[in-house]
Structures are given as structure tokens and as C-alpha cells.
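Commentary on secondary and tertiary structure
As a plain string of letters, each chain reads:
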Amino acid sequence: MSATAARPEELDDATRPNYLNVSHTIKSWLLTQDHKRIAVLYLVSISFFFLLGGLAASMIRLELTSPRGVMLESETYNKMFSAHGIIMVFLFLVPSIPATFGNFALPMMIGAKDLAFPRLNLLSWYLYMIGGGLILAALLMGGVDTGWTFYTPYSSMYSSGHVVLAIVGVFIAGFSSIFTGLNFIATVHKMRAPGMTWFRMPLFVWAMYATSVIIVLGTPVVAITLALVAVEATMGVGIFSPALGGDPVLFQHMFWFYSHPAVYIMILPSMGVMSELIACFSRKRIFGYHFVAFSSLAIAGLGFIVWGHHMFTSGQSTFQSLVFSLISFVVAVPSAVKTFNWMATIYKGNVDLRSPMIFALGFLGLFVVGGLTGLYLASLATDVHLQATYFVVAHFHYIMVGGAMMGFLGALHYWWPKMTGKMYSDNWAKIGAALVFVGFNLTFFPQFILGYLGMPRRYHYYDFAPQWQAYNIMSSAGASVLALGYILPAFYLLHSLKYGKPAGRNPWGAVGLEWQTESPPDTHNFHEIPIVTHEAYDYAAVDEIEHAQAQEVMKKEAHMGSDE
Amino acid sequence: MFNFPLRPEAASTFAGQHDLLFGILTVLTIVFSVPVMILAIIFAVRFRAGNKVDRSRPSHENLKLELTWTIIPLLLALAVFGYSAKLFVDLRKPPKDAMEIFVIGKQWMWHIQHPNGVRENNELHVPVGVPVKLTMISQDVIHAFYIPEFRTQYMVVPDKYTQLWFQATKEGEYMILCNQYCGTQHSEMVGKVIVQRPDEFQKWLADGGRSMRPKDRTMVESGEDLYKLYNCANCHGDVDTPRGPSLYGLFGKRQQMTDGTTVLADDEYLRESLLKAEKKLVAGYIATMPNYEQELSEEQALQLIAYMKTLGVQKPAAPAAPAAATTPQEGNR
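Parameters and conventions
Residues numbered from 1 in each chain as written. Chains lettered and ligands numbered in written order. Predicted model: local features only at pLDDT ≥ 70, side-chain atom pairs only at ≥ 80, totals over all residues. Heavy atoms only, no water. Helix = DSSP H or I, 4+ residues; strand = E, 2+ residues; numbered from the N terminus. Buried < 20%, exposed > 50% of the residue type's maximum accessible area, 1.4 Å probe, protein only. Contact = heavy atoms within 4.5 Å. Areas by Shrake-Rupley, 256 points an atom, 1.4 Å probe, with all protein chains shown as cover. Rg over C-alpha atoms; globule rule 2.2 N^0.38 Å. Lys, Arg positive; Asp, Glu negative; His and termini not counted. Charge placed at Lys NZ, Arg CZ, Asp CG, Glu CD. Pairing = 2+ DSSP bridges. Buried area = accessible area lost by both parts, 1.4 Å probe. Salt bridge = Lys/Arg side-chain N within 4 Å of Asp/Glu carboxyl O. Polar contact = N/O pair within 3.5 Å; in protein donor to acceptor, adjacent residues only side chain to side chain. Axes fitted to C-alpha atoms, helices over the stretch in contact; angles between N-to-C directions. Expected span 1.5 Å × (residues − 1). Core = buried A, V, L, I, M, F, W, Y, C linked by side-chain atoms within 4.5 Å. Bend = angle between axes of the 7 residues up to and from the residue. Phe/Tyr/Trp six-rings, centres within 6.5 Å; stacked < 30°, edge-to-face > 60°. Lys NZ or Arg CZ within 6 Å of the ring centre and 35° of its normal.

With respect to the overall build of chain B
Each helix and strand counted, chain B has seven helices and twelve strands in total. Here chain B, with 333 residues, has 50% of them falling under the buried criterion. The long-range fraction of contacts in chain B, counting pairs at least 24 apart against all pairs at least 6 apart in sequence, stands at 66%. Here chain B displays about 15600 Å² of accessible surface, and carbon together with sulfur accounts for 58% of that area.

Set out below in C-alpha cells:
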């Protein structure tokens, strides 16, 4: 990309001040306005919530190995899957990549010193923590038994759990993402370095931009919807409950108006990460850059008009269902386009199979299955059978855990050297990636079959259908492997902090601006504002000489071969 | 020890069509996913750094190629959509001669009532080979009535009738599940459909289901009792009175409302007018009728509607189900 020369007076890496060691007090961390420090705060807190959500998931899987739940009471079980869903969706998946890696990398990738509103960024983290704290309090005080979807009138009139407290938590955490989204949009518009035109922006930045648009437009709707549930539950104002004169299905329309696009909030950032990883480790420009960039925007736009496919069996009119089904089929196309473009990028690349690339390949496999199984649910006639069964559970886990989580891990492994200045063990990372991939498929593939067999989601017992047990056992066994794959990185990554080799500026030989500054960067990212003269992913220019040399060698060898 | 079934029994006319569509989608999924996975691995290994392979002409754009892989998936998607939509439209239109049964969902049981008054809980007896239409409503939260072996389900919503129809093709017992999370004992809100030969079903129905005998009253008769109990005829006689419009011959007709709209007098409208009379007023009338929301159960509302449907059609009460030709009274004693 650009060509900021290394500063000759550069200090030795160990003594050079950087954003991590510039100050050490707790106060300096809690009051920081540095986007990179805030990213680290998010990484730590999000990992904590992921661990909690994961524990709840393992309880669910353990319980379902027996057709007659023996470990938990029904009520406890219901609270367990609700806790799993609420934590994972609102406190892990939605903020995961944008709040950590968006925060960390986006300003550097466009050559900015920080986000447009550093104080707002810090406030976002506090809102996230307050929201998370309230949700945690609701869970500790006795839990919520509504599921993460909070469907009315159950949530507003019948549930005995701490629904209102949890909803207030989600509401506040929602503002955290709204502010982050606003911050990214303003930053991308106003803070790009000279020469960083829109079409020179890395695709991760495009993905973050599209994601932010969804967040800013969608999150207020779910916030208000949940606030209305709280109003109905506490003041008895009839909005959703027919007993009070409300409409029970109205909630679902408002809820999915956000929550379907929210799936794209979870997966688009991951797609952005993939474009970075695949370009970097194939040493090639992303094939069809414009198509990939615009498909992000297409997904963001179309994602808003498919929500009705969650309600094919709710009594909405047949015509409505037909329209929503049609658009849902169409929204699959931009995702397919991205996949083909990534494949074409790898083709004739110079592929470096290090661990981030392994995560990227794993993502491709899981994302394709997750995306295509979405068609079974977009399709009206099959949805009538599969709606709300384990087929749906498997499908959205392939997208949200397979896709979003692979993206998160890929991003973590890609930017870790930049964040910490240290290299981790690539071999252990590959083992981790393999465990995640195998464990994931073993956990969730059987659930497609369970869904076809008719097992409803959120069921605690299935003693009337013992034929479901074998698949449940497979799924639970897979979950153990998956858990191992998730825990492993904690060890080698933390190990690398102390014992890892120094990473240097650019351990992957990548071309993004963030790789031109030191690892870890200093507080202001760049010593001087970079000037961008090339398009993103201009690996060809970098590798031209190397490539020519390789061709020479090949010719020589061929020549020698023919001589003999 | 374990068996690994790949699909549930197909026991309705729709199940076969569903499985065919499911198969088509599965073939498409394999056609699009397996090559991607295999090629990803082949490309990654073949073009790995250090491998001496031809990397010439690395192209970054190819409009024709991009359009091809945009348009082909789009066309395939549209084709599947069309086929699936056709099946769905059929599935949402019950045949005219379908036998009607009523379902009330509540935490945590399925309550079912046959037109002749026979009630069952968590069991649904139906004849094989006869289209059956379920009219469903919930008494509390949203449930979903789901029969995997028939490949069909529909939400059961409070304050609103929803419908589901199927035609069973095999005798036997199949699962009824609640497929919309509804609270603590959601997982235990299960039951079974019992599909019988039509003559056996008639015998069962006439016999009052053995376990739950009708109280000598069909749904229409119970409705008539309620009609008398609440003195409905005071205002709603065989002709319009200044107090209220006549209900005779009302069902299935369009009514002019005070606000100028016309409303089809269907189950949904009759229920609303019974429970919340002031919501929609027939042109020329004012809101004098009390709301019966607090007094009538969902079951009684269904019985009253069943009676109202017979008004002005032909007395005595028409047999409610085509298959229920035997008059229920005969079989009762």
C-alpha cells in the first residue's frame, strides 16, 4: 500500500514505548481513550461472557444425553438455555468482532490515529459492562426462562423470571453497539488517511461499515421492542398480550426486524476478516474486490426485509409469507458470490498454510453448509416442517458459531502479533483450529437430522421419542471436543505473552497499513500519517520481483531437465 | 443399541411432497458445498507457497465469470422458491369438504373437541384418508401444534383462530408436539394423533371416545344451550331488530360496518363479536352488547360459533362433520 519509511531513530523493541506499556495503572486502563486499549478491554470482557455462555451450553448438552432429563429441573433447564442464548447473542456474538478487532484494527487500516469519538468509544465499553452486569445479576438472582427471543405474551405476562432486569441489560448493551456503529461510520467517512479512497479500503473496513449501518438502523428497534415488553410486564399496558388488548404476534415482527439483520451483524464482520486472511495468506488481491464490497452492502440492505421468514407459521397472510420467502432466497446470492470470490482468490495464489489460513478454510466449509441450509428454512413448504426444530438450531449455529466464531478466532490469530507484539505457537494453533472444526461438525451436524426427525428446540425431555437419543449423544460428545478447541487457544496465546518470540512489524508479510507500524503500535498508531498510493491487497507489486525470480528458477530447472 | 433413523415416517399426503422438496434441496446443497470444500483444499495445497506450479495470468476481475456465478444460483433459488411456494399455498387452503376439529392449547396440554361434543386431551383421533381441518386457538401464550410424521405445524395463538389441515395416509399413532416454547413444562406438552380406519373412527366417535364421553351434547347443541342461557335471541332473532342484527344466514356473508368497511363473517369475526362486541359494529347499530370476554371460555366460544353457523341454514342442526353421518345421540346411550 503506502510507503512510510521506517524511522531510522527507531528504538529497540523491548524498550520502545507502546500502547500497552505506556502506563501501567489500573486507572490508565479504565479511563483510556485509546481504541487499542479499549479493544483489549473488550477482548477480556467478551471472553469472560463467552466462557459463561459456553458453560450454560455444556449443561444443556450434558442434560440432553438422556431422554428423560435427570440432572436439572425443567425450570432450571429452561433458564440454562435462556442464559446461553442471551449471553451468547447479546454479549458475545454481536459485539465480538466489531468491538474487539474493529476497534483495534479499523483506525489503523485506514491510517487514522484513533476512532472519531474516543470518549464515546470508552462509554460504549462501560455501557456494555453495565448491560452485561445487569444480565448477570438477573441470572444470579434466579434467572430468566423466556429464551433469548423473549416471545410475548409469555415474557410479559406469564414468565416468573427476572425478565425485566434482563431486558434492561440487553437495552443498555444495545446502546453500546449503537455507539460503536456510529463511531465506525463517522471514522470511515472522516478519518481516512490521504489517498485512502473508498475503493482502496480493505474489505474488512467495508464489512465493518456495512455492519455499522445495520447496527445503527436495527438496534434501536429491538431496544424499543424490549422496552415495550418491560412496560407491559410492569405497568400492565396492553401492547402484546391479548388479555390486555394487545397483539401477540406484533412482538415477533418487531423483534425479528432487528434480530434477523443481527445475524448479519454477526456474520458480516467475519466475512470481512476472511477477505483479509485469504488475501494475505494467498498473497493475492481479492478476486472481484468491488463485488465483495458491494455484496456486503447488498446483504446489509436485503437483510432488513426478510424478517417475516421467522413467522411463516404464525398466521401472517400467505401473500406476506410468499414475499418474505422470495427475498430470503435472493439474500443467499450475495453470500454465494463472496464464497466464489474467495475461492478464486486462493486459485493460483501463493498459499501460506499458517494457522489463520487454516481458520479461514474452516470458515469456508462451515459457512457454506450454514448458508445453504438456510434455504431449507427460506423455502416455505420445508419450513412448515422444520421451523423451530433442531434443524434451525443446527443452521444458525453453523452460521453464528461456525461462521462468526471461526472469524473471531481467525481475527484473533491474525492480529494477535500486532496486538501483543508476540508470536504464538503456530502448530498448537493449527491443532486448535482442527479441534474446533471437527468438534463443531460432530456437535451440530447430527442436529440437522434431529430437526428432520422433528425434535423441537428447547425440549428438555424426549422420552416419548427414544430414536432421538443417539444423535443427541453424538452432539454432546462433539461439544466436548469443541470445548477443548476453544480452551486450547487460551493456553498458547497466554503462553506467548511471556515466552513468545517478538513478532516484528509484519510477521505475515501483509500489505495493510496496520502492518507498517510497530507491534505493538504506539498510542498514536503511526509516527506520521501514512499516504496511500496503492489499492488494497497489492500483493502483486510486492511479490513481483520474487515471482519473477521463481519463474526464472523454474525455467532453468526445466531447461536442465531437457538437457539430461 | 442405538438406531440412526434418517427421517420420520411419512404419514400424510403432504409428507411425500415435503420429502421430495427436501431431497431436491439436499442435492443442491451437496452440489454447491462439496465442490467448494474439495476445491478449497485442492487450491490451498496445490498453490501453497514453495510449490512450483503455474501461477501465470493471475486475474483479479472477470465480469463474465462473476455474472455467471451470480445468475446461476439466483435462477436455481427462484426455481426452488416457486415449487416450494406452490406446495405451501396448497397447504394453506383446506379442501372444502374437510372435516373440522377444534384445538385449544393451554399451558401445558392440548384440549381437543369434536363437533359431536367428544373431547379429548393430548390425543387426537382422526380417520385415515379424510382431509381434516383443525381450527386452533390458545388460552394463554403462543404454542405450536406440530406433527412431524405429517411434516406440518402451525402456531396456536391467543385471541386468534389459526388453521392447519392434513390428510393422514397411514393408520397408526404419531407424535403431537408443542413447537413454540411456552414455559416450564413446554417439553411435556406432547400427545399423539391416532389415525384409524374411518369405520373404527366413527365407532370411536359415536362411543364418546370411551375415555371422555360427551355430556349428551354435540358442539352445536352446547352452543344452543349457551345461546338460550345468555338470552341471545333477545336481540338476535330471525330478523333484524333495533337492538341487534339477525344471525340467521350470517355465516360466510359480508357485513357492512359502521366505519364503512365490509367484513366477512367468518369464525374469527364471530369470535371477536362475541367476546369484544364493540370492536366492529354492523352499520346502523351502536355498542349495546356487553363483552363476554370474561364469561365465555374459548371452548364455549367455539360451541356458540358452531351453533351460529347452523342458524338459518336448515334446522335441525346440520351434521358438523361429513364423516360423522351417524347422529351422535344414537351412539351415546
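Description of the overall build of chain A
When its secondary structure is counted, chain A shows 17 helices and zero strands. In terms of overall dimensions, chain A is globule-like: its C-alpha atoms have a radius of gyration of 24 Å, near the 24 Å expected for 564 residues. Counting only C-alpha atoms and orienting by the principal axes, one finds that chain A spans roughly 80 × 65 × 45 Å. For chain A, with 564 residues in total, the buried portion stands at 64%. Partitioning the contacts of chain A with sequence separation of at least 6, the portion at a separation of at least 24 is 82%. For chain A, the exposed area adds up to about 18800 Å²; of that, 70% sits on carbon and sulfur atoms. Each charge sign in chain A was given a centre, from 29 positive and 30 negative side chains, and these centres are 4 Å apart.

Side note on the pairing of strand E9 (residues 172-178) of chain B
The side chains of a regular strand alternate, residue by residue, between the two faces of the sheet. Residue and element names in this part refer to chain B. When you tally the buried positions in E9, you get five out of seven residues, the bulk of the element. As defined by bridge partners, strand E6 (residues 143-147) adjoins E9 across two bridges and the pair is classed as antiparallel. Following the sheet pairing, Phe 145 is matched in E9 by Cys 178. Pairing of E9 with strand E10 (residues 191-196), which is carried by five bridges, proceeds in the antiparallel orientation.

Topic: the interface of chain B and chain A
Where interface size is quoted, it is often the accessible area lost as the parts come together. The interface of chain B with chain A comprises 88 residues on the first partner and 95 residues on the second. Here chain B packs against chain A, burying approximately 7900 Å² in sum over the two surfaces, 69% of which is carbon and sulfur. Where chain B packs against chain A, one counts one salt bridge. Taking the shortest distance from any N to any O, the salt bridge between Asp54(B) and Lys348(A) comes out at 3.9 Å. Where chain B meets chain A, there are 23 residue pairs in polar contact (both at pLDDT 80 or more).

Observations concerning the sheet that holds strand E2 (residues 109-113) of chain B
Think of a sheet as strands paired side by side through backbone hydrogen bonds, with each pair either parallel or antiparallel. All names here are of chain B. With respect to topology, five strands assemble into an open sheet ordered E3-E2-E1-E5-E8, the strand pairing being mixed. If you trace the sheet from one side to the other, it starts and ends with strand E3 (119-121) and strand E8 (162-167), each paired once. In this sheet, neighbouring strand axes are inclined to one another by 25° on average, regardless of whether the strands run parallel or antiparallel.

Digging into the pattern of salt bridges
Counted under the stated rule, the structure contains 26 salt bridges over all chains. Between Asp352(A) and Arg354(A) there is a salt bridge, with the nearest N and O atoms lying 2.9 Å from each other. You can call Asp352(A) partly exposed: its relative accessible area is 24%. According to the relative accessible area criterion, Arg354(A) is partly exposed, its value standing at 26%. Because the salt bridges share partners, they merge into one network encompassing Asp159(B), Arg271(B), Lys276(B), Glu293(B) and Glu298(B).

Some thoughts on the sheet that holds strand E7 (residues 152-156) of chain B
All names here are of chain B. Strands sit in the order E4-E10-E9-E6-E7 across an open sheet of five strands; the sheet is mixed. Each having just a single partner strand, strand E4 (123-127) and E7 make up the two edges of the open sheet. Strand-to-strand, the axes of this sheet are offset by a mean angle of 20°, without reference to chain direction.

Here's the deal with helix H12 (residues 355-378) of chain A
Taking 1.5 Å of rise per residue, the 24 residues of H12(A) would be expected to cover 34 Å, and the 34 Å separating its terminal C-alpha atoms lies within 8% of that figure. Most of H12(A) sits inside the fold, with 22 of its 24 residues counted as buried.

Here we look at the nonpolar core
Phe150(A), Trp415(A), Leu124(B), Leu134(B) and Phe145(B) are the most contacted members of the largest nonpolar core, which has 252 residues in total. Top contributing element to this core by residue count: helix H14 (residues 390-420) of chain A, with 21 residues. Ignoring any residue separated from it by four or fewer positions in sequence, one finds Phe150(A) in contact with Ile86(A), Phe90(A), Val144(A), Ser155(A), Val163(A), Ile167(A), Val170(A), Leu226(A) and Phe251(A). Core analysis: the next-biggest nonpolar cluster, separate from the first, contains 30 residues, Ile137(B), Ala265(B), Tyr292(B) and Leu311(B) among them.

A look at unusual backbone geometry
Where the residue is not glycine, phi is negative for most of them; where a peptide bond is considered, it is trans in most cases. Residue and element names in this part refer to chain A. Here Thr 152 and Pro 153 are connected by a cis peptide whose omega angle stands at -5°. Here Pro 153 shows up in the loop between helix H5 (118-140) and helix H6 (154-158). The omega torsion of the bond from Ser 519 to Pro 520 falls at -10°, within 30 degrees of zero and hence cis. Tracing the sequence through the fold places Pro 520 in the loop between helix H16 (469-499) and helix H17 (539-563).

Here's the deal with helix H4 (residues 96-109) of chain A
All names here are of chain A. For H4, with 14 residues, the first-to-last C-alpha span of 18 Å sits near the 20 Å given by 1.5 Å per residue. Considering bend angle alone, the principal kink of H4 is centred on Gly 102 and spans about 55°. In terms of residue burial, H4 counts as a mostly covered element, since 14 of its 14 residues are buried. A positive phi of about 75° marks Gly 111, the residue just after H4.

Remarks on the environment of Leu62(A)
All names here are of chain A. Secondary-structure assignment places Leu 62 in helix H2 (residues 35-63). Take Leu 62: its relative accessible area is 49%, and that puts it in the partly exposed class. Between the C-alpha atoms of Leu 62 and Ser 475, which are 413 residues apart in sequence, the distance is 9.7 Å.

Some words on the packing of aromatic side chains
The full count for this structure, using the stated rule, is 63 aromatic pairs over all chains. Judged by centre distance (6.2 Å) and plane angle (40°), the rings of Tyr462(A) and Trp468(A) are tilted. Under the relative-accessibility criterion, Tyr462(A) is labelled buried at 0%. Exposure remark for Trp468(A): the relative accessible area of 0% places this residue in the buried category. One aromatic cluster in this structure is built from Phe50(A), Phe92(A), Phe101(A), Phe204(A), Phe281(A), Phe408(A), Tyr414(A), Trp415(A), Tyr486(A), Trp508(A) and Trp515(A). Just above the ring of Tyr461(A) sits the side chain of Arg68(A); from NZ or CZ to the centre is 4.1 Å. Over the ring of Tyr161(B) we find Arg271(B), and its NZ or CZ is 5.8 Å from the ring centre.

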